[in-house]
Amino acid sequence: MTTISQIISLIPAYLRFAIFIGMLIVAVSLTVLLIALQLQKKRSRHQKLHKKTIKIYRPLLFQWLSGETPELPKPTADLEPYLLELWNDLYEKVEETERLRLREAAKKIKLNEIAHRYLDGKKLELKILAIITLGALKDKSTVKEMLELCNSDRPLVRLQAIRALLGPAPKKALKYIFDDVLKNPERPVNYYLKYCREVDRKLLTDYLLKRLKQTPEEKLAQLLPFLEAADNTAGADYLRQHLQTWQNEETLARGLRVLRRVGRPQDEEIVLEFLSHPTYFVRIQAARVLGELGSRQSLDALLETLGDGDWWVRTRAAEALANLPAVSMEELENRAETLNDKFARDALYKALELKVKK
Amino acid sequence: METTVLLVEDDNNMRMLLEHLLKRNDMQVISFEDGQSAVEYIQTNPPAELALLDLYLPFKNGFEILKELKKSESWENIPTVMITASDAGDDMEKAFRLGADDYIEKPIDTRKTIARINKFLKTNS
């Protein structure tokens, strides 16, 4: 009896190889097809559930937003993630009065319990959605869990947990933010700054001023940007009191940078003296502040700074001159013509040209 | 007769929310989710009483729709309110230069939104 191996041995080697490759291609194609079908099935289920949630809950939540209180049906387990998504999306789109109404609606369907269930889940997307929801609900019972999540290895989880903590426990969240910023000066503060803008301004200002007082001068640069989210008057007052006493250059430069956003025209005089500071990046920041807050009083000092040995300082001084609201373009052009220093003249012409283009 | 508002907003939930608000205030809404469809509508239809435009839209943005409105003889004078993010200072400056009349900021305050829209509709009626 001829066995299969005997038949195979009759087939030439090249043909055996071709058959093997052919079978491999068929197997790979079938696997890819199966995966694609699975994905398609998953996607269409996702779309179906998403549409169903929208159809049931969106009109009802709109009614809640308008001040009505229609009955909200308890969601089935498969609709829960989609409801969390919809509720959060609407929450982000409206102001505080309407947010209050959405929180009321959330109480009716026990959205906090739903979010809690997803907090320990494995899916990152759902975990984050749960954290955001609990933060929006300002649920005090989650403070301990949020504090733990603030130390998560996953940066997204950590950031969202800090933000979520700002609602129910703002002081704890601020403490965490400022500790983190001081410990990790290389981390960008933009996210934290954005979150701090969501906190009650007085609470943030009081807490920040307290922390600034406790922080050594060489580390202040990390905390100063948060003055932008605090009460402007308090922030500017703090900078006015301290700018002339600081020795640390990083702190000084950062302080001037913040003053550009929170300062007033009366700060011009304090800033003018920093145009002659020995460190170039302090001079750069001083020129930039004068571009925002300066008056005619800054004109001569900035023209003089056009002769600075550092290219960046000259450029920033020229931009500041072009920005001075009290000085016309014509006057600046006339002054540029009288400058003997070729570099100074070029820097000013270039800044004026840029302003015209803008 | 109901007042007609042209609404162009690409975010589904936001568009539906604004539609809901406008309809609750007895307004008829013609809504689009992209700039190109809105421009085509403007070119071939009689004007609405007010246009509510998001700044960033697919295909043609709010500025381009605004330019189209100002080019059209019949739509030229209808009040235009832009929908913007809260930090869109420069964009709003540009929109005002192009002829926008007002703006509402996201996240929206529903009562203020309706009050602003009504202000223009009363002025124009």
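For the structure, check the block above.
Thresholds, definitions, all that
Residues numbered from 1 in each chain as written. Chains lettered and ligands numbered in written order. Predicted model: local features only at pLDDT ≥ 70, side-chain atom pairs only at ≥ 80, totals over all residues. Helix = DSSP H or I, 4+ residues; strand = E, 2+ residues; numbered from the N terminus. Buried ≥ 20, exposed ≤ 12 C-beta atoms within 10 Å, placed from the backbone. Contact = placed C-beta atoms within 7 Å. Expected span 1.5 Å × (residues − 1). Nonpolar A, V, L, I, M, F, W, Y, C, P; charged D, E, K, R; others polar.

Engineer: For this particular structure, what's the right way to read the overall build of chain A?
Structural biologist: Summing up its helical and strand segments, chain A has 20 helices and zero strands in all. Referenced to the eigenvectors of the C-alpha coordinate spread, the extents of chain A come out at roughly 110 × 70 × 40 Å. Counting over 358 residues, chain A shows a buried share of 34%. The long-range share in chain A, meaning contacts at least 24 apart out of those at least 6 apart in sequence, stands at 67%.

Engineer: Would you mind going over helix 9 (residues 170-183) of chain A with me for this structure?
Structural biologist: Since one α-helical turn is 3.6 residues long, residues separated by three or four positions face the same way. Residue and element names in this part refer to chain A. Taking 1.5 Å of rise per residue, the 14 residues of helix 9 would be expected to cover 20 Å, and the 20 Å separating its terminal C-alpha atoms lies within 8% of that figure. All of the buried residues along helix 9 are A173, L174, Y176, I177, F178 and V181. Of the surrounding secondary structure, the elements contacted by the buried residues of helix 9 are helix 8 (155-166), helix 10 (190-196), helix 11 (201-214) and helix 12 (220-223).

Engineer: Can you walk me through the environment of I108 of chain B in this structure?
Structural biologist: Within the secondary structure layout, I108 of chain B lies in the loop between strand 5 (102-106) and helix 5 (110-124). Overall, I108 of chain B belongs to the partly exposed group, with 19 C-beta atoms counted inside 10 Å. In the structure, I108 of chain B is positioned 78 residues away from I30 of chain B in sequence and 20 Å away in space, judged by C-alpha atoms. With sequence-adjacent residues up to four places away left out, I108 of chain B is seen in contact with K93, V94 and E95 of chain A together with T113 of chain B.

Engineer: Explain the interface of chain A and chain B here, please?
Structural biologist: How large an interface is tends to be reported as the accessible area lost when its parts come together. Contact with chain A, which involves 12 residues of that partner, is made by 11 residues of chain B. Where the side of chain A that touches chain B is concerned, the elements lending two or more residues are helix 2 (13-65), helix 3 (80-93) and helix 4 (96-108) of chain A. The residue makeup of the side of chain A that touches chain B, split by class, is four nonpolar, two polar and six charged.

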